[in-house]
Protein chains: 2
Amino acid sequence: MKTESLFRALADPSRRKILKLLQPGPLSAGELSEHFPFSLASLSHHLSILKSADLVHTERRGQYIHYSLNTSVTEEIYRLMADLFSKHRSGESK
Amino acid sequence: MKTESLFRALADPSRRKILKLLQPGPLSAGELSEHFPFSLASLSHHLSILKSADLVHTERRGQYIHYSLNTSVTEEIYRLMADLFSKHRSGESK
DNA sequence: TAAATATTTAGATATACTTTTAAACATGAA
DNA sequence: TTCATGTTTAAAAGTATATCTAAATATTTA
């Protein structure tokens, strides 16, 4: 189920854009929303999907909630991708 | 557009299962369909999505069409994932 | 506590995706 | 060419996803 939510989360271009926007550092929902044409409610929905896929992390700072990239999933994603594309042939180590 | 079709293609669990089934070697649509509860038409649809995402390759052998994994995209996928999860902080090399 | 700001949740609509059945297309064999 | 097998395409139905507006929750400030 975790793998599933992860792939689904990455499937949407707006969510991938959110991840890229968070690369330099944490941003609030309001700051993120400036980069999208849709409503804050819609952005919030995307953020909740990224959050339940464990791709982003939240921290409240006063009124604001700061969203940040969870870079610790990177390794897991690599593993998942390798799992999908390895040839699975015994004795093929290189 | 290529990135988009790639992520979308990977979003569906049946399509990821197809990729795994193709790891040991090429299979026909009929052979693949034994592993799924849905119709051959539906499988064919999934295969066309994987194909247009350049994740599988087809080769006709007589009546049969053999589907095989396109492992050459692996590197591109790694690049895409690295692009999404790098911190993009200058001077952070470790 | 009341007002202002930041964000999320609920309910509704529109769009996209998956699946099905039936028909069409492609190849090989009689 | 006709029949059988393998696969795809078309049209329709069902399900899921994205987005909107309006209302609700949380925090800070007056």
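Residues numbered from 1 in each chain as written. Chains lettered and ligands numbered in written order. Predicted model: local features only at pLDDT ≥ 70, side-chain atom pairs only at ≥ 80, totals over all residues. Heavy atoms only, no water.

So, helix α2 (residues 13-21) of chain B
Point 1. Of all the residues in α2(B), the buried ones are B:Ser14, B:Arg15, B:Arg16, B:Ile18, B:Leu19 and B:Leu21.
Point 2. Where α2(B) begins, the side chain of B:Asp12 points an oxygen toward the backbone nitrogen of B:Ser14, at a separation of 2.9 Å. (Buried < 20%, exposed > 50% of the residue type's maximum accessible area, 1.4 Å probe, protein only. Helix = DSSP H or I, 4+ residues; strand = E, 2+ residues; numbered from the N terminus. Polar contact = N/O pair within 3.5 Å; in protein donor to acceptor, adjacent residues only side chain to side chain.)

Some thoughts on the relation of the copies chain B and chain A
The operation relating the two chain copies consists of a rotation about an axis and a shift along that axis.
Point 1. Least-squares fitting of chain B to chain A yields an RMSD of 0.0 Å, with the transformation described by 0.0 Å of translation along the axis and a rotation of 180°. Each copy turns onto its partner about a two-fold axis. Ranked by how close their C-alpha atoms come to the rotation axis, the residues of chain B are headed by B:Ala11, at 2.9 Å.
Point 2. Taken as a fraction of all interface residues of chain B, those also at the interface in chain A reach 100%, which identifies the copy contact as same-surface. (Least-squares fit on C-alpha atoms with pLDDT ≥ 70 in both. Contact = heavy atoms within 4.5 Å.)

A short note on the sheet that holds strand β3 (residues 64-69) of chain B
Residues and elements named next belong to chain B.
Point 1. Across the sheet, which stays open at both edges, the three strands sit in the order β1-β3-β2 with antiparallel pairing between neighbours. Pairing within the sheet leaves two strands with one partner each, and these edge strands are β1 (27-28) and β2 (56-61).
Point 2. In this sheet, β3 lies alongside β2 in antiparallel orientation, the contact comprising six bridges. Bridge pairing in β3 places Glu 59 opposite His 66. (Pairing = 2+ DSSP bridges.)

Structural notes on the confidence of the model for chain A
For residues with low pLDDT, the predicted coordinates do not support detailed interpretation.
Point 1. Chain-level statistics for chain A give a pLDDT mean of 90 and a share of 90% at 70 or above.
Point 2. Every residue in residues 90-94 of chain A scores below 50 in pLDDT, and together they form one contact with partners more than four places removed in sequence or on other chains. (pLDDT = per-residue confidence, 0-100.)

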